[in-house]
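Reading the structure
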Amino acid sequence: MSRAEADIPVATAFSAQALRAQFPALDQQVNGKPLAYLDNAATTQKPRAVIDRISDYYARDNANVHRAIHELSRRATEAYEGARDTLARFIGAGRREEIVFTRGTTDAINLVAQGYLAPRLKAGDEIVVSEIEHHSNIVPWQMLCESHGAILRVAPVDDRGVLDLAALQRLIGPRTVMVAVGQVSNALGTVHPVQQIIDMAHAADVPVLVDGAQSVSHLPVDVSTLNADFFCFSAHKMFGPTGTGVLYGREALLDSMSPVQGGGDMIETVSFQGSTWNSLPYKFEAGTPNIAGVIGMGAATEFLEGLDLEAVYRHEHALAERAEAGMRAIPGLRIIGEAPGKTGIISFVMQTAHAQDVGTILDQMGVATRTGHHCAMPAMARFGVPATTRASFACYNTEADVDALLAGLDKVSSLLG
Ligand code: PLP
């Protein structure tokens, strides 16, 4: 049996095939082959509804928000603030004021680092992260540690990429001021048990930031049930546009935070004697925001609300299992990260081929993957590899995409094996 025909059924009623029709970019040939887009952890494709919403805004409603009373500004403000309501509903936030629009996950984490932690941080305080975080959930904390004499503590993962919860528990002590973890690892697909982590940290009175960049479009999230203190994500990884995202923060915490950027819209009054801040969430949204981006993110969120995210998770997981079953038969291929229940992310290395060459040959076969360290160099170091090739699935991927990946890997083996 050819690996491309690995007989692993994707047992779900979820119709990825039907969804594909909504994504124009998926319907194209790349290098003479039908595109198999498997770079969704880097960024997802956009459905027609998102593209149209952004284009309609620019075609009909374009105006600045909040500061004018004319009709176009009213429409722009309504759409922009409407997106905030949609986002609050989608992640189960108690109040719309808890949704701060940012440029993305990176921007949101930096806002918490600078606005929440920096003013409170003392020398010797400790921030705890996991060993497999994205750089944007490491470097902002590292910078704070350097400027304040604080210490970054790192919870390890085992050889499958599963977080060592007992070690994490031991790291949370009287000097811990923040635990920051991704819900899903972009490098390995590991789903961290964030509910347990939050409960554990809260028992010690420590706030938790959850990086949801790789979770919100792949599994159901409810920040109120989780009792997360901060939760961050990016629109472009959930079928929305680049350059926009969300910081969810519990109202009391956001209230206690200082603004990080000063400028228009974030103030209540300004005089040369001093300025006072606008109410939540506006005190964190200085300047003209990415209006079209936020409106597009709202449309992407409505798209996601139309999906059963439990079924999406099962679908993507099943695709990954089908792919991994085929990949295990390829001599010299090693899968990096085999946490039970992981999402549709597969990182792998091949003994005979550099990740870059694997990605290049796959591209020639119309298969889009990502190669490199995936902005997770410590995760690469943990597994002793400089780089991997990563295939990552979204709701619109099908068994045909898996088969294209496996056929591409057969080609790599025949050329470089
Ligand atoms: N966190 C995780 C887990 C990610 O996968 C990414 C992007 O790859 C980020 C944070 C950063 O997201 P952005 O570049 O959209 O700010």
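Glancing now at the site of the ligand. Contacts to the ligand come from Thr105, Thr106, His134, Ser136, Asn186, Asp211, Ala213, Gln214, Ser234, His236 and Lys237. Take His134: an N or O atom from its side chain is 3.3 Å from an oxygen atom of the ligand. A distance of 2.8 Å separates an oxygen atom of the ligand from a polar side-chain atom of His236. Protein contacts shield 84% of the accessible area of the ligand, which totals 390 Å² for the unbound molecule. Grouping the constituent residues of the shell around the ligand by class yields one nonpolar, eight polar and two charged.

So, on to the domain arrangement of the chain. Per the domain assignment, the segments making up the chain are domain 1 (14–40 + 308–416) and domain 2 (63–305). On a C-alpha basis, the centroid separation for the pair domain 1 and domain 2 is 28 Å. Taken residue by residue, the interface counts 33 residues in domain 1 and 30 residues in domain 2. Surface buried jointly by domain 1 and domain 2 totals about 2500 Å² across both partners, of which 64% is contributed by carbon and sulfur atoms. It is Leu309, Cys375 and Arg382 that lose the most area in domain 1 upon contact with domain 2, and together they represent 25% of the buried surface on that side.

Let us now look at the pattern of salt bridges. This model, assessed by the stated rule, comprises 27 salt bridges. Residues Arg175 and Asp125 are paired through a salt bridge, measuring 2.8 Å at the closest nitrogen-oxygen approach. In this pair, Arg175 sits in the loop between helix H6 (165–171) and strand E7 (176–182) while Asp125 sits in the loop between helix H4 (105–117) and strand E5 (126–130), placing the two residues 50 residues apart along the sequence. Relative accessible area serves as the criterion here: at 37%, Arg175 is assigned to the partly exposed category. In this structure, the salt-bridge partner of Arg322 is Asp403, at a minimum N-O distance of 3.0 Å. In this pair, Arg322 sits in helix H11 (residues 309–327) while Asp403 sits in helix H14 (residues 399–416), placing the two residues 81 residues apart along the sequence.

This next bit is on unusual backbone geometry. Between Leu280 and the following residue, Pro281, the backbone shows a cis peptide bond with an omega angle of 0°. Within the secondary structure layout, Pro281 lies in the loop between strand E12 (274–277) and helix H10 (291–305). Positive phi is not limited to glycine here, since Asp265 has a value of about 75°. In this structure, Asp265 sits in the loop between helix H9 (251–256) and strand E11 (267–271). Here Cys375, not a glycine, exhibits a phi torsion of approximately 55°, which is positive.

Here Lys342 shows up in the loop between strand E13 (333–336) and strand E14 (345–350). On the basis of relative accessibility, which here comes to 4%, the residue Lys342 falls in the buried class. Polar contacts involving the side chain of Lys342 include one to the main-chain carbonyl oxygen of Gly337, which spans 2.9 Å. When neighbours within four sequence positions are excluded, Lys342 is seen to be in contact with Leu188, Gly189, Thr190, Val191, Tyr313, His317, Glu324, Ile335 and Gly337.

Attention now goes to the sheet that holds strand E6 (residues 151–155). To summarise the sheet geometry, strands pair through backbone hydrogen bonds and adopt either a parallel or an antiparallel arrangement. Pairing within the open sheet is mixed, and its seven strands lie in the order E4-E10-E9-E8-E7-E5-E6. Edge positions in the sheet fall to strand E4 (99–102) and E6, since each has one partner strand and no second. Each strand of the sheet is rotated relative to its neighbour by a mean of 20°, with strand direction disregarded. Bridge count for E7 against strand E8 (residues 208–211) is four bridges, and the pairing is parallel.

So, how was this worked out
Residues numbered from 1 in each chain as written. Predicted model: local features only at pLDDT ≥ 70, side-chain atom pairs only at ≥ 80, totals over all residues. Heavy atoms only, no water. Near = heavy atom within 4 Å. Polar contact = N/O pair within 3.5 Å; in protein donor to acceptor, adjacent residues only side chain to side chain. Areas by Shrake-Rupley, 256 points an atom, 1.4 Å probe, with all protein chains shown as cover. Nonpolar A, V, L, I, M, F, W, Y, C, P; charged D, E, K, R; others polar. Domains from an automatic or database assignment. Contact = heavy atoms within 4.5 Å. Buried area = accessible area lost by both parts, 1.4 Å probe. Salt bridge = Lys/Arg side-chain N within 4 Å of Asp/Glu carboxyl O. Helix = DSSP H or I, 4+ residues; strand = E, 2+ residues; numbered from the N terminus. Buried < 20%, exposed > 50% of the residue type's maximum accessible area, 1.4 Å probe, protein only. Pairing = 2+ DSSP bridges. Axes fitted to C-alpha atoms, helices over the stretch in contact; angles between N-to-C directions.

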